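# Working through the structure, step by step
One-letter residues, chain by chain:
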Amino acid sequence: MRPMKRALALGVAGILLAACSHKDKDAPLAFVPADTPYVAANLDVLDDDTRAALFAQANAQLPAQVAQMKAAADELKAKDPDTANLLRAFAGEFDGKTVEQFAQNAGLDVKGHSAFYGLGLAPVARFQLSDPAAFDAFVGRLETAYGKPLDTARLGDVSYRRHVSTATGTEVVLAVVGKQAVAALLPADASDALLRQALGLDRPARSLQDDGRLQKLAEAKGYGKQAVGLVDLSRLLPLIAGGKDPLFLAMFKAHAQAESAKTGEPVANQMQIPATCATDAARIAARVPTLSFGYTRLDATHQDMRLDVAMASDITQAFAGLKVALPGLGTDATAPFDMSLALPVTELRTFWSAQADAVAAKPFSCPALADLNDGFAKLGPAMQKAAIPPFGDLLGLRIALDSFDAGTGQGMPSFTGRIVLGTNNPAGLLAMGQMMTPALAQLKVTADGKPVALPPDLARMIGQPAWVAMGEKALALAIGPGEDARLADTLKEPGGDAGRMMRLHLDGAMYRSWIKLMMDKADSLAAMSAAMGHGDAPGSTPAAAGKEAATRTHAQFQAMQAQAARIEAVGSEAHVDANGLVITSQTKLK
């Protein structure tokens with residue numbers, strides 16, 4: 001299933017590059033049931049410059065995506081060789097091409113409507129086509145690379161192709177209906193009614209186009225209309241846990257049959273799902289009923305997004321009005337890397353202790369959630385231990401790096417910057433550190449923000465000069481020449497405003513340095529692994545697998561480097577408001 005999801009996900013990425021110019025009765029949203037558990041669709045037109053910028057980003061990522069699909073095909077080959085061959089054939093359609101070339105070769109209209117949604121759990125993707133004949137030719141090339149024709153079937157006036165995976169109990173359906181391409185993952189024994197819905201021969205009694213929910217969501221959350229998504233967990237989780245959804249049943253049965261072949265356990269025994277599982281799933285979904293997302297700014301040089309996680313009122317009430325006094329959490333970050341993370345242990349203890357008590361009073365009854373009961377049973381005592389100083393006094397953490405040198409990948413990277421620990425008792429935290437490290441005992445640090453140099457022995461261990469300073473609600477460490485001059489101002493920076501949980505800033509140069517470090521480390525590990533396996537017989541499976549994995553990893557990092565070269569800065573913030581958790585991200589491109 002995971003390989004097919006990757007394949008579908010790459011196709012669905014076209015949603016972000018497509019747009020609709022007007023509302024009509026045959027737009028993809030007209031085929032999406034209003035009660036779908038998940039959907040992502042475009043509601044408006046991308047201008048040419050923005051589309052070109054998104055293509056450039058997608059093209060930079062494409063080689064790594066193709067490598068991942070090929071790797072997934074290799075992993076799948078032993079269990080499901082037919083599906084592995086089809087996935088490799090699909091990957092070949094992208095190999096050596098740009099996204100624009102693929103879209104043109106497949107007849108996809110990058111200026112048309114697109115939608116990805118669920119008929120129950122079954123995913124369906126609909127794309128408008130600029131050239132239906134080109135899409136048929138694309139499927140023909142897939143069949144040639146696959147090595148045999150896909151099965152062909154007909155329902156009403158629509159002919160469609162299908163690939164059945166007996167290993168998963170599913171089928172992939174491909175069809176051209178009018179001027180739209182349809183791709184769906186359905187049960188292998190899908191009913192005619194489900195097939196007719198997927199192909200669009202039968203329309204929902206009420207569609208998302210009729211409902212207007214995505215448009216209203218975009219207006220309420222400030223999402224742009226280029227791409228809007230919604231996951232309705234209040235519908236999705238009961239479908240997964242209830243055991244009645246056709247796709248779930250097909251996959252569950254295929255898994256049970258495979259297990260029965262190994263263990264002898266009857267399939268019927270494995271497929272018993274208590275009714276309480278759907279009830280428990282609904283209980284969980286009530287805590288976090290929906291997720292939604294969309295762009296808030298999208299043009300040739302900006303890609304800003306927002307994710308909204310709706311939460312139950314007791315969760316929002318616990319954090320929406322909370323002001324965490326972590327210096328720097330309440331101001332825009334300025335260092336090349338600057339992250340402030342709220343960790344108000346007192347409030348977190350109160351909240352999670354209440355959750356643990358609630359589960360203890362009414363445990364989940366579904367057998368599949370037994371581990372969740374155990375987890376909450378352990379959480380209560382853990383929260384009691386969290387009250388012990390100095391951990392119980394913590395407010396948060398800030399890391400601000402002014403320089404970062406990845407080096408050659410052979411040794412430790414070097415950096416300069418400041419680390420701030422927010423705490424209700426900075427003197428107690430310092431005293432604890434002095435007890436654990438006798439060399440610190442000689443330091444005389446006062447709560448006025450004045451830096452005090454670390455003893456020479458400790459500075460030598462760090463490899464450069466370092467200082468410590470204390471404020472009213474924080475203890476800070478500065479590392480590197482000149483960083484002591486920044487400590488006092490760092491400790492005076494404002495704490496978070498109501499509900500603020502996180503801030504992050506990362507400039508392009510720092511991002512590229514981090515990618516270089518990860519790439520060098522990965523290459524070093526690959527070289528070490530190759531050296532250790534030098535005595536293996538030529539072509540041995542472990543050696544070949546290791547080499548292939550190293551090649552895939554290197555390709556992924558190269559794609560990340562190409563993408564990072566276009567980034568000027570990345571930012572993010574998270575806060576809790578009356579409706580739930582809001583996470584925003586801002587990417588500025590060169």
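This write-up is about the structure you can find in this document. From a predicted model like this one, the values you see are computed outputs, not experimental measurements. (Residues numbered from 1 in each chain as written. Predicted model: local features only at pLDDT ≥ 70, side-chain atom pairs only at ≥ 80, totals over all residues. Heavy atoms only, no water.)

## Quick word on the packing of helix α14 (residues 345-361) against helix α15 (residues 370-385)
Let me state the cut-off plainly: Every angle, taken between N-to-C directions, lies between 0 and 180 degrees, and every axis is a line fitted to C-alpha atoms, over only the stretch in contact when it is a helix. Strands are runs of DSSP state E lasting at least 2 residues, helices are runs of H or I lasting at least 4, and numbering of each runs from the N terminus. An angle below 35 degrees is treated as roughly parallel, one above 145 as roughly antiparallel, one from 65 to 115 as roughly perpendicular, and anything else as oblique. In this scheme the handedness of a crossing depends on how the near helix is turned from the far one: anticlockwise by less than a right angle means left-handed, clockwise means right-handed. Residue contacts are counted whenever heavy atoms from the two residues lie within 4.5 Å of one another. Lys, Arg, Asp and Glu make up the charged group, whereas Ala, Val, Leu, Ile, Met, Phe, Trp, Tyr, Cys and Pro make up the nonpolar group; the residues left over, Gly among them, are polar.
At a minimum axis distance of 8 Å, the contact between α14 and α15 shows a crossing angle of 140°. It follows from the interaxial angle that α14 and α15 lie oblique. Pair α14 / α15 crosses with left-handed handedness. Between α14 and α15, the residues in contact are Leu348, Arg349, Trp352, Ser353, Gln355, Ala356 and Val359 and Asn373, Phe376, Leu379, Gly380, Met383 and Gln384, respectively. Split by residue class, the contact of α14 with α15 holds seven nonpolar, five polar and one charged.

## Re the pattern of salt bridges
Our working definition: Salt bridge, as used here, is a side-chain nitrogen of Lys or Arg placed within 4 Å of a carboxyl oxygen of Asp or Glu. Exposed residues in this analysis have more than 50% of their type's maximum accessible area, buried residues have under 20%, and partly exposed residues fall in between, with area computed by a 1.4 Å probe over protein chains only.
Under the defined criterion, the tally for this structure stands at 31 salt bridges. One salt bridge in this structure joins Asp497 and Arg500, with 2.9 Å as the shortest N-O distance. Residue classification places Arg500 among the buried positions, given a relative accessible area of 12%. Linked through salt bridges whose partners overlap, the residues forming this network are Asp402, Arg418, Glu483 and Arg486.

## Focus on helix α12 (residues 276-287)
Rules: Take the number of residues in a helix, subtract one, and multiply by 1.5 Å to get its expected span. To be clear, the arc concerns the directions from the helix axis to the C-beta atoms.
Look at α12: 17 Å from first C-alpha to last across twelve residues, which is about the 16 Å you get at 1.5 Å a residue. Those residues of α12 that sit buried are Cys277, Asp280, Ala281 and Ala285. All buried residues of α12 lie within an arc of 140° about the axis, which places them on one face of the element. In this structure, the buried residues of α12 make contact with α9 (233-242).

## Things to note about the side chain of Thr490
As a reminder of what qualifies: Identification of polar contacts relies on pairs of N or O atoms within 3.5 Å, with a donor-acceptor requirement for protein atoms, meaning one able to donate a hydrogen and the other able to accept it, and with residues adjacent in sequence counted only if both atoms are side-chain atoms.
One can find Thr490 in helix α18 (residues 484-492). Within the local environment of Thr490, its side chain forms a polar contact with the backbone oxygen of Arg486, the two atoms lying 2.7 Å apart. For Thr490, the residues in contact, after removing those within four places along its chain, are Pro327, Arg398, Arg418 and Val420.

## A short note on the pairing of strand β5 (residues 158-165)
Operational definition: Strands are labelled as partners when DSSP assigns at least two bridges between them.
Note: strand β4 (residues 151-155) against β5, five bridges, orientation antiparallel. Opposite Arg154, over in β5, you have Ser159 as the bridge partner. Alignment of β5 against strand β6 (residues 170-177), held across six bridges, turns out to be antiparallel. Bridge pairing in β6 places Arg162 opposite Val173.

## Observations regarding the environment of Thr290
Within the element layout of this structure, Thr290 appears in strand β9 (residues 290-299). Residue classification places Thr290 among the partly exposed residues on the basis of a relative accessible area of 25%. Along the primary structure Thr290 and Asn425 are separated by 135 residues, whereas in three dimensions their C-alpha atoms are 38 Å apart.

## What about the packing of aromatic side chains?
The criterion, for reference: Two rings from Phe, Tyr or Trp (for Trp, the six-membered ring) form a pair when their centres sit within 6.5 Å of each other. Planes less than 30 degrees apart are called stacked, planes more than 60 degrees apart edge-to-face, and all others tilted. The criterion is that NZ of a Lys, or CZ of an Arg, lies within 6 Å of the ring centre and within 35 degrees of the ring normal, and then a charge sits over that ring.
Summed over all chains, the structure comprises ten aromatic pairs. Ring centres 5.4 Å apart and planes at 45° place the aromatic pair Phe248 and Phe252 in the tilted group. In this pair, Phe248 and Phe252 are both assigned in helix α10 (residues 246-263), four residues apart and thus about one turn of the helix distant. By way of ring pairs, the aromatic residues Phe90, Phe94, Phe102, Phe135 and Phe138 are connected into one cluster. Seen from the ring of Phe31, Arg126 lies directly overhead, with NZ or CZ sitting 3.9 Å from the centre. A cation over a ring is seen here: Arg283 above Phe364, with NZ or CZ 4.3 Å from the ring centre.

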